[in-house]
Amino acid sequence: VRLVESGGGVVQAGGSLRLSCAASGSTFSINDMGWYRQAPGKQRELGADIATGGGRSNYADSVKGRFTISRDNAKNTMYLQMNSLKPAATAVYYCNADIWASGLGALLSSWGQGTHVTVSS
């Protein structure tokens with residue numbers, strides 16, 4: 001499975017961005033998905049994740065109430081709507097998917113290449 005993020009850019013504080021993660025390949029094997037971010041000099045952290053069917057989602061406290069994660073399985077795409085952005089949100093945002101590897105009988109983690117988000121004050 002290949003994951004490709006898009007939608008990053010430069011935005012002023014208080015603005016909004018919508019990130020997309022398009023999946024290709026053996027998309028039928030995709031389970032839960034999530035958005036992670038890594039700020040300069042910091043470890044990668046989970047921003048939000050969403051269950052296979054989209055019925056359950058979780059958010060980091062730092063983004064709760066401002067970010068919304070969603071997915072359209074028919075389009076093999078996951079989204080992250082980011083509102084009321086703060087400079088602290090400046091980071092590289094990565095798409096992640098749990099892939100069921102039937103040959104191994106296990107879930108494997110797949111990552112996109114990341115998209116840069118810069119929030120100016």
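The structure we're discussing is the one just above.
This text gives an overview of the structure that appears in the document. (Residues numbered from 1 in each chain as written. Predicted model: local features only at pLDDT ≥ 70, side-chain atom pairs only at ≥ 80, totals over all residues. Heavy atoms only, no water.)

1. Let's talk about the overall build of the protein
Of the regular secondary structure elements, the protein holds zero helices and eleven strands. Relative to the compact-globule value of 14 Å for 121 residues, the protein shows a C-alpha radius of gyration of 14 Å, a close match. When its C-alpha atoms are laid out on the principal axes, the protein stretches across 50 × 30 × 25 Å. Considering only contacts within the protein whose residues lie at least 6 apart along the sequence, 55% involve residues at least 24 apart. Counting every atom, the protein has about 6400 Å² of accessible surface; 49% of that belongs to carbon and sulfur. Here the protein contributes 11 positively and 7 negatively charged side chains, and the mean placements of these two sets differ by 6 Å. (Helix = DSSP H or I, 4+ residues; strand = E, 2+ residues; numbered from the N terminus. Rg over C-alpha atoms; globule rule 2.2 N^0.38 Å. Contact = heavy atoms within 4.5 Å. Areas by Shrake-Rupley, 256 points an atom, 1.4 Å probe, with all protein chains shown as cover. Lys, Arg positive; Asp, Glu negative; His and termini not counted. Charge placed at Lys NZ, Arg CZ, Asp CG, Glu CD.)

2. Some remarks on the nonpolar core
If you look at the biggest cluster of nonpolar residues, it comprises 27 residues, and the most contacted ones within it are Met33, Trp35, Met78, Leu80, Met82, Leu85 and Tyr93. The set of elements that each furnish at least two residues to this core consists of strand 3 (17-24), strand 4 (30-38), strand 5 (45-50), strand 7 (67-72), strand 8 (77-82), strand 9 (91-101) and strand 11 (115-120). Top contributing element to this core by residue count: strand 9, with five residues. (Core = buried A, V, L, I, M, F, W, Y, C linked by side-chain atoms within 4.5 Å. Buried < 20%, exposed > 50% of the residue type's maximum accessible area, 1.4 Å probe, protein only.)

3. Considerations on the pairing of strand 4
By the bridge criterion, seven bridges tie strand 4 to strand 9 in an arrangement that is antiparallel. Bridging from a neighbouring strand, Met33 pairs with Ala97 of strand 9. Sheet topology note: the strand 4/strand 5 ladder contains five bridges and is antiparallel. Within strand 5, the position partnered with Gly34 by the bridge is Asp49. (Pairing = 2+ DSSP bridges.)

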